[in-house]
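# Results of the structural survey
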Amino acid sequence: MAAKRTIWAGLDLGSATTKMVVVESLDGEPRIIAASESLTRGVERGVITDFAKASASIGRTVEDAEIMAGFTLKEICLGTAADYSRGINRRGMACVDGGTVRPQHLVTTRRVAVAIPYAANERLLAAIPQSYSVDQNGTVPHPLGLRARRVDGVYHLVTSNVRSLETLLRCCERSELKILDLHLNHAAAAEAVLAREEKQLGVCLADIGHGTVNVAVYTKGALVHTAVIRLGGGDLNQEIARELRITLEEAERIKVKYGCVHASLLKDGESFEALRLGGGPPVVLQRAELFSLLEPKAAEIVSCIRREMERVGPLSDLISGLVLTGGGASLAGLPELAAEICERLPVRVGEPRGLGGFHSAVRRPGFAAAAGVALLAAHGGIGPRSGARLGLVGRTLQRFRKLTGEVGP
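Heads up: these notes are all about the structure in this document. In this text, all values refer to a predicted model and were calculated from it rather than measured experimentally.

The subject of this paragraph is the sheet that holds strand 17 (residues 322-325). Sheet strands pair via backbone hydrogen bonds, and the direction of the pair is either parallel or antiparallel. Taken in spatial order, the 5 strands line up as 14-13-12-17-18 in an open sheet, and their pairing is mixed. If you trace the sheet from one side to the other, it starts and ends with strand 14 (222-229) and strand 18 (347-349), each paired once. Between one strand and the next, the sheet's axes are offset by a mean angle of 20°, whatever the strand orientation. Of the strand pairs in this sheet, strand 12 (residues 203-208) and strand 13 (residues 213-219) are connected by 6 bridges, and their pairing is antiparallel. The partner of Cys204 across the bridge, within strand 13, is Val217.

Shown next as structure tokens:
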């Protein structure tokens, strides 16, 4: 019998680069068949500021992926933080008629949990289940089929600015792409980078992008806290460009090639050349000077990550420690710096895992979110939608309101 073949494409519109990963799933085993990356224009700190430029960035990335894959992409799954508003934990409950927990009872717990006041321009982006209990006795991972009078569910709710979300979806619509599903970037990166055991023991994932850091904290296998920090690798570039009087492009090149944020990696007399603004011969600079510019800003970013971890509880409770991913995680010395700031907590750099194929370029921190979106789609087995045909934005938002029982204005 021939293997069942399904194609999934995951897209991540970042502030600096837009990435896509195309996965072929043969009987549930995902394998990369295409990946692409292009510079992003029209996005600042995760928010679309120029519709035409952002749409063009998506279009270029999709076209490159199509050339590599050898076919046209019509449907994609999208990762987003969509101008993230807040993440909170809420409990919902349902009375179990008939004495056995059924799917409709879990739907009711979700609807009760998300019935909170929403701001005028705020909508629910995700309601992620954390745990369930029956008759208020302990926790159970899978309550379906259990005998009970009452079932409770705890959910992590993430809200978003609805206008930003609509703009993001319209950018995809302009490239004639149908959105099969939306995934929170925090959860997508975690899917690609974290092992199940790490989530169970307690871990913080920090996805360091160009303009923001997406933070996700897991304990006992469940997502318990999310946050977006309005700092990122672009702030390091700004610091270098301002102090050395060079272009942002030159600052990025220097940061990647010579940047370091831990003194143990420096060697006496190390130097490099930089091109000044306005042309002229390159100037020779000491690597120690570059370190003095980068280390304070990197320490500020890590300190912000630590504060988010401490909102959940003591750092020592996160036995698996801190996992850094995203493009900014590749900065030399960042794990060592983070370990010092986080009281010697275990720190590692996370790369996408769980995907076969030959594209080694995807196995780097910057592709965590895009690879995670493709993995979530492949593991979720999303199928065709039914019902009346709507515009892309209306159809997607209507689906999320239906799934989450959204009651916001």
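With that settled, the discussion passes to helix 6 (residues 233-244). An α-helical turn contains 3.6 residues, so any two residues separated by three or four positions project in the same direction. Spanning 12 residues, helix 6 covers 17 Å between terminal C-alpha atoms, matching the ideal 16 Å at 1.5 Å per step. Residues of helix 6 that are buried: Gly233, Gly234, Asp235, Leu236, Asn237, Glu239, Ile240, Ala241 and Leu244. Residues of helix 6 that are buried sit in contact with helix 7 (248-258), strand 16 (283-286) and helix 8 (287-310). In the stretch just after helix 6, Arg245 is the one whose phi turns positive, near 60°.

For soluble globular proteins, the rule of thumb is that nonpolar side chains tend to be buried together. Membership of the largest hydrophobic core comes to 44 residues, with the highest contact counts inside it found for Ile305, Met309, Leu322 and Leu334. The dominant element in this core, judged by the number of residues it contributes, is helix 8, at 10 residues. With near-sequence residues (within four places) excluded, Ile305 lies in contact with Cys204, Ala206, Val213, Val215, Ile229 and Leu322. Formed by 32 residues, the second largest nonpolar core is a distinct cluster that contains Val62, Ile76, Ala81 and Leu169.

Rules and cut-offs
Residues numbered from 1 in each chain as written. Predicted model: local features only at pLDDT ≥ 70, side-chain atom pairs only at ≥ 80, totals over all residues. Heavy atoms only, no water. Pairing = 2+ DSSP bridges. Helix = DSSP H or I, 4+ residues; strand = E, 2+ residues; numbered from the N terminus. Axes fitted to C-alpha atoms, helices over the stretch in contact; angles between N-to-C directions. Expected span 1.5 Å × (residues − 1). Buried < 20%, exposed > 50% of the residue type's maximum accessible area, 1.4 Å probe, protein only. Contact = heavy atoms within 4.5 Å. Core = buried A, V, L, I, M, F, W, Y, C linked by side-chain atoms within 4.5 Å.

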